[in-house]
Amino acid sequence: MTAVRPETTARTAADGSFPPGFVWGAATAAYQVEGAATEDGRTPSIWDTFSHTPGKTLNGDTGDVAADHYHLYRDDVARMKELGLKAYRFSVSWSRVQPTGRGPGVERGLDFYRRLTDELLDAGITPVVTLYHWDLPQELEDAGGWPHRDTADRFADYAEIVARGLGDRIGLWTTLNEPWCSAFLGYGSGVHAPGRTDPAATLRAAHHLNLAHGKAIAALRANLPSSAKTSITLNLHQVRPLTDSPEDVDAARRIDAVGNRIFTGPILDGAYPERLLADTAHLVDWDRLVHDGDLEEISRPIDVLGVNYYSPTVVSHAADGVGSTSNDGHGASDHTPWTGCEDVAFHLANDDLTAMNWAIDPDGMHALLTGLAAEHPGLPLMVTENGAAFEDEVTEDGRVDDPRRIAYLHTHLDAVRRAIADGADVRGYFLWSLLDNFEWGYGYSKRFGLYYVDYATQRRIPKASAHWYAGVIRHNALPEAAGTQ
């Protein structure tokens, strides 16, 4: 194993420190890292089906092996310990624990997560579990998927199985990761599994994902110790109008509604925004979609809100009525994921781009966190994903130098620090990602990891950013400059 070297300089800026007890972590997702796609009773998820469908992923890449975390988890936990991670956020594969999405749990599947969790606890690392990171069992999709109301009940059953199986080991539980992607990329633009392109289905899916979250919170509360904390993770879009014209400002409002408030409204405020309902009334009958009691179910209190941020969303009204999503950051498709916003055009915030063609803008992180704090005072926040993909290469002497990633992390962590200073109750930061992994439709072409993965050998090589992040964790503070430790 290539070790993370201890930092050799300890100077940190006086104003670069984070609050005592700030949680430093890293994150992964089951289908992106585990592999072992057919082992121990696991059945296909929608991402197995999607990635095995010709033309859906770059180079036909699949998550069949991925980073082989299923077999190499002990070594990976040892790497986490070397980094000094305080917490590790991982997701559970639904079809590994409850094949087909119905019936009793499979102990062999649960046993993997028990072993992983015990390994983490032995290493002094807090496990943080996400119940759903986009891998719906294929049989539930065949029965209707997220646009079908019954899927929310099936998710509640699954949440109960995992809570009973791991509740004695895990203290922080996240129901869903980025339900916007599940609904709008999976059923709108079709760039994510299951690859459907039905605008009305996106809204039905969004409501049923919200309902699944609420029902899962109830299941968790009924089966976990009172000390356990609950959460949901949202990829909230930090939306800006291109200009201050009324048309562009309204375009931003509409994107904010269908990109953010379709989730924050019912989950945090107990209601869908009236203007969202009006904007999309031509697509669904909300009075029929939302049943009596749904909003009370969805708005069950949570203990912390997970926030994922990578890049801002800049929009304008398309004067000709034909918008463009080429710069929305969510993949190429002839179908828009922005349901009801077909006349909105997307723009890059600047020309400083990552390998994902995402504009680097740490001020968006600060604005997002402080805006949430202002709208929802008293709600603890956790940055559950933030990071960047760049063109990483191994040098002849076996190193991976990634100065641009270090610079990205430094400026974004400074934005988090500034948000805390400005009153946002941010409790922790989970870097995406611990390992290079299967990056959904991009296959293995994009590398976000602190550790470079040679997929042919499964060798892990710590990048320069891993050494840098270890220093940040050790000092609970940013160094004076991005390149120092």
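The structure we're discussing is the one just above.
Predicted model, so just to flag it, every value in this text is computed and none were measured.

Q: Can you tell me about the packing of helix α8 (residues 179–189) against helix α10 (residues 246–269), naming the residues and giving the values?
A: Where α8 meets α10, the closest approach of the two axes is 10 Å, and the angle between their N-to-C directions is 130 degrees. By the angle class used here, α8 and α10 are oblique. The way α8 lies across α10 gives a crossing that is right-handed. Only Val-258, Gly-259, Ile-262 and Phe-263 of α10 make contact with α8, whose side of the interface consists of Pro-179, Trp-180 and Phe-184. Across the contact of α8 with α10, the residue classes break down as six nonpolar, one polar and no charged.

Q: Explain the environment of Leu-110 to me, and be specific about the residues and the numbers.
A: If you trace the backbone, Leu-110 turns up in helix α5 (residues 107–122). Relative accessible area serves as the criterion here: at 2%, Leu-110 is assigned to the buried category. Each C-alpha atom, one on Leu-110 and one on Val-92, is 8.9 Å from the other, the two residues being 18 residues apart in sequence. Contact partners of Leu-110, with chain neighbours within four places excluded, come to Val-97, Ile-161, Val-162, Gly-165 and Leu-166.

Q: Provide a residue-level description of the sheet that holds strand β9 (residues 313–317), including the pertinent values.
A: Pairing is mixed in the open sheet, where three strands are placed in the order β7-β9-β10. Of all the strands in the sheet, the pair left with one neighbour each is β7 (239–241) and β10 (344–347). Between one strand axis and the next, the sheet turns through 40 degrees on average, direction left out of account. As defined by bridge partners, β9 adjoins β10 across four bridges and the pair is classed as antiparallel. Pairing of Val-314 across the sheet is with His-347, part of β10. Contacting β7, β9 and β10, α10 runs over the sheet at an angle of about 130 degrees to β9.

Q: Before we move on, could you go through the packing of α8 against helix α9 (residues 199–223) and cite the residues and values that matter?
A: Viewed as axis vectors pointing N to C, α8 and α9 meet at an angle of 155 degrees, and their least axial separation amounts to 8 Å. Considered as vectors, α8 and α9 are oriented roughly antiparallel to each other. As for the relative orientation of α8 and α9, their crossing is right-handed in sense. Note on element contacts: α9 touches α8 through Ala-201, Thr-202, Leu-203, Ala-205, Ala-206 and Leu-209, opposite Pro-179, Ser-182, Ala-183, Phe-184, Tyr-187 and Gly-188. Of the residues that constitute the contact of α8 with α9, the class distribution is nine nonpolar, three polar and no charged.

Q: I'd like a rundown of the packing of aromatic side chains, residues and numbers included.
A: In this structure the tally under the stated criterion is 36 aromatic pairs. Each ring, one from Tyr-272 and one from Trp-286, has its centre 5.0 Å from the other, and the planes form 50 degrees; the classification is tilted. Pair noted here: Tyr-272 is in the loop between α10 and α11 (274–280) and Trp-286 is in helix α12 (residues 286–289), with a separation of 14 residues, a long-range link. For Tyr-272, a relative accessible area of 7% gives the class buried. Put simply, the rings of Tyr-31, Trp-47, Phe-50, Trp-134, Phe-438, Trp-440, Tyr-444 and Tyr-455 pair up and form one aromatic cluster.

Q: Give a detailed account of the pairing of strand β6 (residues 229–234), specifying residues and quantitative values.
A: Burial analysis of β6 places five of its six residues in the buried class, the great majority of the element. Bridging between strand β5 (residues 172–177) and β6 involves four bridges; their strand directions are parallel. Along β6, the bridge assignment pairs Trp-173 with Thr-230. Judged from the four bridges that link them, β6 and strand β8 (residues 304–308) form a sheet pairing that is parallel. Among the inter-strand pairings, Ser-231 is bridged to a residue of β8, identified as Val-304.

Calculation criteria
Sequence positions are assigned chain by chain, starting from 1 and proceeding in written order. Given that this is a predicted model, residues contribute local features only at a pLDDT of at least 70 and side-chain atom pairs are listed and counted only at 80 or more, while totals for whole chains, interfaces and linings are drawn from all residues. To obtain the side-chain values, all non-hydrogen atoms of the structure were included, while hydrogens and water were left out. Interaxial angle, 0 to 180 degrees, is taken between N-to-C directions of lines fitted to C-alpha atoms, where a helix line uses only the stretch in contact. By definition, any uninterrupted DSSP run of H or I lasting at least four residues is a helix, any uninterrupted run of E lasting at least two residues is a strand, and each is numbered from the N terminus. Throughout, the term roughly parallel applies to angles under 35 degrees, roughly antiparallel to angles over 145, roughly perpendicular to angles from 65 to 115, and oblique to all others. For a crossing to be left-handed, the near helix must be turned anticlockwise from the far one by less than a right angle; the clockwise case is right-handed. Residue contacts are defined here by distance: any two heavy atoms, one from each residue, within 4.5 Å place the two residues in contact. Only Asp, Glu, Lys and Arg are considered charged in this grouping, and only Ala, Val, Leu, Ile, Met, Phe, Trp, Tyr, Cys and Pro are considered nonpolar; every other residue, Gly among them, is considered polar. Residue exposure (1.4 Å probe, protein chains only): buried if accessible area is under 20% of the type maximum, exposed if over 50%, otherwise partly exposed. Strand pairing is defined by DSSP finding a minimum of two bridges between the two strands. Only rings of Phe, Tyr and Trp enter the pairing, Trp through its six-membered ring, and a pair is recorded when the two centres are within 6.5 Å. The plane angle decides the type: under 30 degrees is stacked, over 60 is edge-to-face, the rest tilted.

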